Amino acid sequence: IEVSMGEPRFLPGSSTLAIDGIEFRAVRVSMGNPHCVLLCQHPTAELARRIGPLVENHPDFPNRTNVQFLEIIDRKTIRIEIWERGAGYTLASGSSSCAAAATARRLGLVDDEVTAKMPGGELTIYMRDPNIRMTGPALRSFDLVFSPYLMRLAMKDKED
């Protein structure tokens, strides 16, 4: 699947953010939704779970923000851990991948084509044009069968 994700908008704000005794290099970017990309070495799920909610709800972000913990592997590869506003720790995210890749590109740390590695999978991000393109697999994650009882309840709620 390939999706045009639009053009990243880099937002004003401090280039550092101190959270829970750790100082991060921070870049604020919008992909149509707000992101705060924090550069760090070896981000972990534990770091994202501990620091993510503090950044999401930081006074600098009155409408809250998504948070990416970005590691540069090489000029063609990044790795991110993600804290998504309102949802919590997230295994993979398209807009987060694009925000992190765009940040790394703006800082001159990666080339125009980047593989974004996340715990939930990988996406390829193309940044040759102003509009970022993202490609990745479409995979079945689960099948769901609703019972007739649940379907009746859902229909009854619609009628009420």
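Each value, and the rule that gives it
- Residues numbered from 1 in each chain as written.
- Predicted model: local features only at pLDDT ≥ 70, side-chain atom pairs only at ≥ 80, totals over all residues.
- Heavy atoms only, no water.
- Helix = DSSP H or I, 4+ residues; strand = E, 2+ residues; numbered from the N terminus.
- Buried < 20%, exposed > 50% of the residue type's maximum accessible area, 1.4 Å probe, protein only.
- Contact = heavy atoms within 4.5 Å.
- Areas by Shrake-Rupley, 256 points an atom, 1.4 Å probe, with all protein chains shown as cover.
- Core = buried A, V, L, I, M, F, W, Y, C linked by side-chain atoms within 4.5 Å.
- Polar contact = N/O pair within 3.5 Å; in protein donor to acceptor, adjacent residues only side chain to side chain.

Student: Let's hear about the overall build of the chain: which residues, and what values?
Tutor: The helix and strand tally for the chain stands at 3 helices and 11 strands. Residues counted as buried form 41% of the 160 residues belonging to the chain. Considering only contacts within the chain whose residues lie at least 6 apart along the sequence, 55% involve residues at least 24 apart. Element-wise, carbon and sulfur atoms account for 52% of the exposed surface of the chain, whose accessible area totals about 9200 Å².

Student: Tell me about the environment of proline 43, and name the residues and values.
Tutor: If you trace the backbone, proline 43 turns up in the loop between strand 5 (34–39) and helix 1 (45–56). Residue proline 43 is classed as buried on the basis of its relative accessible area of 2%. The spacing of proline 43 and isoleucine 82 is 39 residues in sequence and 9.6 Å in space, taken between C-alpha atoms. When residues no more than four places from it in sequence are discounted, the contact partners of proline 43 are Phe69, Glu71, Arg79 and Glu81.

Student: Tell me about the environment of threonine 135, and please be specific about residues and values.
Tutor: Looking at the secondary structure, you find threonine 135 in strand 11 (residues 132–135). Sequence separation of threonine 135 and methionine 31 is 104 residues, and the distance between their C-alpha atoms is 16 Å. Once you skip the residues sitting within four places of it in the chain, threonine 135 turns out to touch Ile1, Glu2, Leu123, Thr124 and Tyr126.

Student: Account for the nonpolar core, naming residues and giving values.
Tutor: Among the nonpolar cores identified, the biggest contains 23 residues, and Leu70, Ile78, Ile125, Met127 and Ile132 are the most heavily contacted of them. Every element with two or more residues in this core is listed here: strand 5, strand 7 (77–84), helix 2 (94–106), strand 9 (113–118), strand 10 (121–126) and strand 11. The element best represented in this core is helix 2, accounting for 6 residues. Leave out the neighbours within four places in its chain, and leucine 70 touches Val37, Leu38, Leu39, Cys40, Ile78, Arg79, Ile80, Ala100 and Ala104. Within the second largest apolar cluster, 15 residues are counted, among which are Ala26, Cys36, Leu47 and Ala48.

Student: Give a description of the side chain of asparagine 66 that names residues and reports values.
Tutor: Tracing the backbone shows asparagine 66 in strand 6 (residues 66–74). Look at asparagine 66 and you get buried, because its relative accessible area is 4%. Engagement of the side chain of asparagine 66 in a polar contact is seen with the backbone nitrogen of arginine 85, the distance being 3.0 Å. Those residues in contact with asparagine 66, other than ones at most four positions away along the chain, are Asn33, Pro34, His35, Cys36, Trp83, Glu84 and Arg85.

Student: Requested: an account of unusual backbone geometry, with residues and values cited.
Tutor: Within the chain, histidine 42 stands out as a residue other than glycine whose phi angle is a positive 55 degrees. Looking at the secondary structure, you find histidine 42 in the loop between strand 5 and helix 1. Taking relative accessible area as the criterion, histidine 42 reaches 57% and is therefore assigned exposed. Even without a glycine there, the phi angle at arginine 64 is positive, about 65 degrees. Its place among the elements puts arginine 64 in the loop between helix 1 and strand 6.

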